[in-house]
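This is what each chain is made of:
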Amino acid sequence: MALFKCDKCGATKEGRCKPKNCPACKLADTMIKQDEAAGSCGCGCKKKK
Ligand SMILES: [Zn+2]
């Protein structure tokens with residue numbers, strides 16, 4: 001599962017695919033995948049400091 005965050009309102013949603021619309025503000029193409037920015041090391045182990 002990946003975490004997606006709305007660039008406009010900050011709502012988050014988990015899913016396997018990128019949501020087309022934000023579940024909160026309903027805008028399209030505002031959902032940004034958060035996995036890479038969430039502190040994972042890049043190999044998929046999601047190691048956090
Ligand atoms: Zn939103």
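Residues numbered from 1 in each chain as written. Predicted model: local features only at pLDDT ≥ 70, side-chain atom pairs only at ≥ 80, totals over all residues. Heavy atoms only, no water.

## Things to note about the overall build of the protein chain
On a plain count of helices and strands, the protein chain comes out with zero helices and three strands. Along the protein chain, helices (α) and strands (β) appear in the sequence β-β-β when read from the amino end. Sorting the 49 residues of the protein chain into buried and exposed places 20% on the buried side. Residue pairs at least 24 apart in sequence account for 27% of intrachain contacts in the protein chain once pairs closer than 6 positions are excluded. Within the structure as shown, the protein chain displays about 3900 Å² of accessible surface, and the carbon and sulfur contribution to it stands at 50%. (Helix = DSSP H or I, 4+ residues; strand = E, 2+ residues; numbered from the N terminus. Buried < 20%, exposed > 50% of the residue type's maximum accessible area, 1.4 Å probe, protein only. Contact = heavy atoms within 4.5 Å. Areas by Shrake-Rupley, 256 points an atom, 1.4 Å probe, with all protein chains shown as cover.)

## Things to note about the coordination of the zinc ion
Around the zinc ion, the protein contributes the donor atoms C6 (SG), C9 (SG), C22 (SG) and C25 (SG), at 2.2 to 2.3 Å from the metal centre. Sequence positions of the donors to the zinc ion reduce to the motif C-x2-C-x12-C-x2-C. Within this pair, whereas C9 is found in the loop between β1 (2-6) and β2 (12-15), its partner C25 is found in the loop between β2 and β3 (31-33), the two being separated by 16 residues in sequence. According to the relative accessible area criterion, C9 is partly exposed, its value standing at 41%. Here C25 falls in the partly exposed class, since its relative accessible area comes to 27%. (Donors = N, O, S within 2.8 Å, 3.2 Å for Na, K, Ca; no water.)

## Quick word on the pairing of β2
Here β1 runs beside β2; their pairing, made up of four bridges, is antiparallel. Counted as the bridge partner of A2 is G15 from β2. In this structure, the hairpin formed by β1 and β2 is closed by a connection of five residues, where G10 is found at a positive phi of approximately 85 degrees. (Pairing = 2+ DSSP bridges.)

## A few points about the sheet that holds β1
If you walk across this open sheet you meet the three strands as β2-β1-β3, and the pairing is antiparallel. Of all the strands in the sheet, just β2 and β3 have a single pairing partner and so form its edges. Geometrically, the sheet is characterised by an average inter-axis angle of 35 degrees between neighbouring strands, direction not taken into account. When β1 meets β3, the two strands line up antiparallel, connected through three bridges. Across the sheet, the residue bridging to C6 is M31, located in β3. (Axes fitted to C-alpha atoms, helices over the stretch in contact; angles between N-to-C directions.)

By themselves these figures say nothing about function.
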